[in-house]
Amino acid sequence: MTVKEILEKRSTFSFEVFPPKTDPGMEKLVGKDGVLEKLYTLNPDYISCTYGAGGGNVGKNLEVLDSVKASGKAIPVTHFTCIGNTKEGIKEQLDTYLEHGIDHMLALRGDLPFGWTGTGGDLHYATELVKFVRDTYGDKFTIAVAGSPEGHIQCRSLDADIAFLKQKPDNGADYIMTQLCWDMDQFRYWLDAIRNAGIWMPVDVGIMPVLDQAATINMALSRNGCVMDRALCEIISKNWIFPNPFDKEPFDAAVDQKKADFKKAGIEYTIKQIDEYRACGINGIHLYALNKYEDVAYIAKEAGLLNL
């Protein structure tokens, strides 16, 4: 059964992992009694794996997805970007994925590497990638696409962003995986707006657990331009590490306690956010596992996701 077929029947529950840069990291993720094996016990419908610009980490990406495929416990989904890629190169890589039995993808333009002003390849937008894959492979791939509830950081307006999103199902996309969004009022507005625009693809919501101050701030500001709502800002402020959470040698004597308190409050915040998302009538929860198990397992259990 494909993710598209599952979404037609019920809500989905899934994880995102990333390919480690080191062999010990890979062993911890895909090895015996590793993180993936533990995540399978939570019965996710699929596990996606990120993909670097230009396919720089495609080898380890494929190794992770091979492991998921071999387990038979979840559907493997690859992220795939068009940055630095020719049509010929894209086809070669996608042929390889199909040869490995990996027929689900998240089609992305991808974040431009520092100093780049364009994709440096034959395709310039995710809409073009979706059309190329569908025209080339027909129904061999199930294609997810990104949705940005706050609007893509490089798009001129939210209306324009929704107009671009509308092209994706027209070009053959099957469902939406949203980018990070903590502003629930904005999410509700966006969900109504895309439905009013005639976009009826299922919406699978991407959620990053709030576990670490620096990582939370970095994800919000360096990549997505996300609004951090008052509740999240209060958690950061109440547990602020002096001089700042990015300092590797902070002079704050209470740093360990603040990290623990922040993590506890962040987990509670994440669980409440999942409740709010599900109340919106979304079609799935895609939890960023961050290549960890204990924290996301606790969140999934307390949020009731294991009963989906």
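This one's a predicted model, so the numbers in the text were calculated from it and none came from an experiment. (Residues numbered from 1 in each chain as written. Predicted model: local features only at pLDDT ≥ 70, side-chain atom pairs only at ≥ 80, totals over all residues. Heavy atoms only, no water.)

Draft legend 1. Representation of the overall build of the protein. Counting secondary structure elements, the protein contains twelve helices and eight strands. Its C-alpha atoms give the protein principal-axis dimensions of roughly 60 × 45 × 45 Å. Classification of the 308 residues of the protein by burial places 51% in the buried group. In the protein, the proportion of contacts linking residues at least 24 apart, taken out of those at least 6 apart, comes to 78%. Surface exposure of the protein reaches about 14,600 Å², of which carbon and sulfur atoms provide 49%. Charge-centre separation for the protein: the mean point of 33 positive side chains lies 2 Å from the mean point of 43 negative side chains. (Helix = DSSP H or I, 4+ residues; strand = E, 2+ residues; numbered from the N terminus. Buried < 20%, exposed > 50% of the residue type's maximum accessible area, 1.4 Å probe, protein only. Contact = heavy atoms within 4.5 Å. Areas by Shrake-Rupley, 256 points an atom, 1.4 Å probe, with all protein chains shown as cover. Lys, Arg positive; Asp, Glu negative; His and termini not counted. Charge placed at Lys NZ, Arg CZ, Asp CG, Glu CD.)

Draft legend 2. Just the packing of aromatic side chains, in detail. Scanning the entire structure with this criterion turns up eight aromatic pairs. Measuring from centroid to centroid gives 6.4 Å for Phe80 and Tyr97, while their planes differ by 80°, and the two rings are edge-to-face. Taken together, the residues Phe80 in strand 3 (residues 75-81) and Tyr97 in helix 5 (residues 87-99) connect sequence positions 17 residues apart. For the pair Phe80 and Tyr97, one class covers both residues: buried. Among the aromatic side chains, those forming a connected cluster through ring pairs are Tyr51, Phe80 and Tyr97. (Phe/Tyr/Trp six-rings, centres within 6.5 Å; stacked < 30°, edge-to-face > 60°.)

Draft legend 3. Spotlight on the nonpolar core. Counting residues in hydrophobic clusters, the biggest one holds 68 residues, and the most contacted among them are Leu39, Phe187 and Trp190. Broken down by element, this core gets its largest block of residues, six residues, from helix 8 (residues 184-196). Contact partners of Phe187, with chain neighbours within four places excluded, come to Pro149, Thr178, Cys181, Val203, Val205, Tyr277, Cys280 and Ile282. (Core = buried A, V, L, I, M, F, W, Y, C linked by side-chain atoms within 4.5 Å.)

Draft legend 4. Examining unusual backbone geometry more closely. Put simply, Phe242 and Pro243 share a cis peptide bond, and its omega is 5°. Here Pro243 lies in the loop between helix 10 (230-238) and helix 11 (255-279). Of note, the phi angle at Leu290 is positive, near 55°, even though the residue is not glycine. When you line up the elements, Leu290 lands in the loop between strand 8 (284-288) and helix 12 (294-302). On the basis of relative accessibility, which here comes to 29%, the residue Leu290 falls in the partly exposed class.

Draft legend 5. Just the sheet that holds strand 1 (residues 12-17), in detail. Strands sit in the order 1-2-3-4-5-6-7-8 around a closed barrel of eight strands; the barrel is parallel. Adjacent strand axes in the sheet meet at a mean angle of 25°, parallel and antiparallel pairs treated alike. Bridge analysis of strand 7 (residues 203-207) against strand 8 gives four bridges, and the strand direction is parallel. Residue pairing for strand 8: Ile207 is matched across the bridge by Leu287. Sheet strands touched by helix 4 (residues 58-71): strand 1, strand 2 (46-49) and strand 3. Its angle to strand 3, the strand with the most contacts, is close to 160°. In the packing of helix 6 (residues 126-137) onto the sheet, the strands contacted are strand 3, strand 4 (104-108) and strand 5 (142-147), and the crossing angle to strand 4 comes to about 145°. (Pairing = 2+ DSSP bridges. Axes fitted to C-alpha atoms, helices over the stretch in contact; angles between N-to-C directions.)

Draft legend 6. Region of the structure containing helix 7 (residues 158-171). Look at helix 7: 20 Å from first C-alpha to last across 14 residues, which is about the 20 Å you get at 1.5 Å a residue. Where helix 7 is concerned, the buried positions are Leu158, Ala160, Asp161, Ile162, Leu165, Lys168 and Asn171. Those residues of helix 7 that are buried lie in contact with helix 6, strand 5, strand 6 (175-178) and helix 8. (Expected span 1.5 Å × (residues − 1).)

Draft legend 7. Expanded view of the pattern of salt bridges. Under the defined criterion, the tally for this structure stands at twelve salt bridges. For Arg188, the salt bridge goes to Glu276, with nearest N and O atoms at 3.0 Å. Here Arg188, found in helix 8, pairs with Glu276, found in helix 11; they are 88 residues apart in sequence, far enough to count as distant. Glu276 sits in the partly exposed class, given a relative accessible area of 34%. Through salt bridges that share partners, Lys4, Arg134 and Asp174 make up one connected network. (Salt bridge = Lys/Arg side-chain N within 4 Å of Asp/Glu carboxyl O.)

Draft legend 8. Just the side chain of Asp252, in detail. By the secondary structure assignment, Asp252 is in the loop between helix 10 and helix 11. Taking relative accessible area as the criterion, Asp252 reaches 11% and is therefore assigned buried. From its side chain, Asp252 meets the backbone nitrogen of Phe242 in a polar contact 3.2 Å long. Aside from chain neighbours lying at most four places away, what touches Asp252 is Trp240, Ile241, Phe242 and Lys258. (Polar contact = N/O pair within 3.5 Å; in protein donor to acceptor, adjacent residues only side chain to side chain.)

Draft legend 9. The pairing of strand 7, seen in detail. Among the five residues in strand 7, five count as buried, and that is most of the element. Side chains Val203, Val205 and Ile207 project from strand 7 onto one buried face, and the interleaved Asp204 and Gly206 project onto a second face that is buried too. Two strands pair when backbone bridges link them, and strand 6 and strand 7 are joined in this way by two bridges, in the parallel orientation. Paired with Met177 across the two strands is Asp204, which belongs to strand 7. Handedness of the crossover joining strand 6 and strand 7 through helix 8 is recorded here as right-handed. (Right-handed = clockwise from strand over helix to strand, strands pointing away.)

Geometric descriptors of this kind do not, in isolation, establish any biological role.
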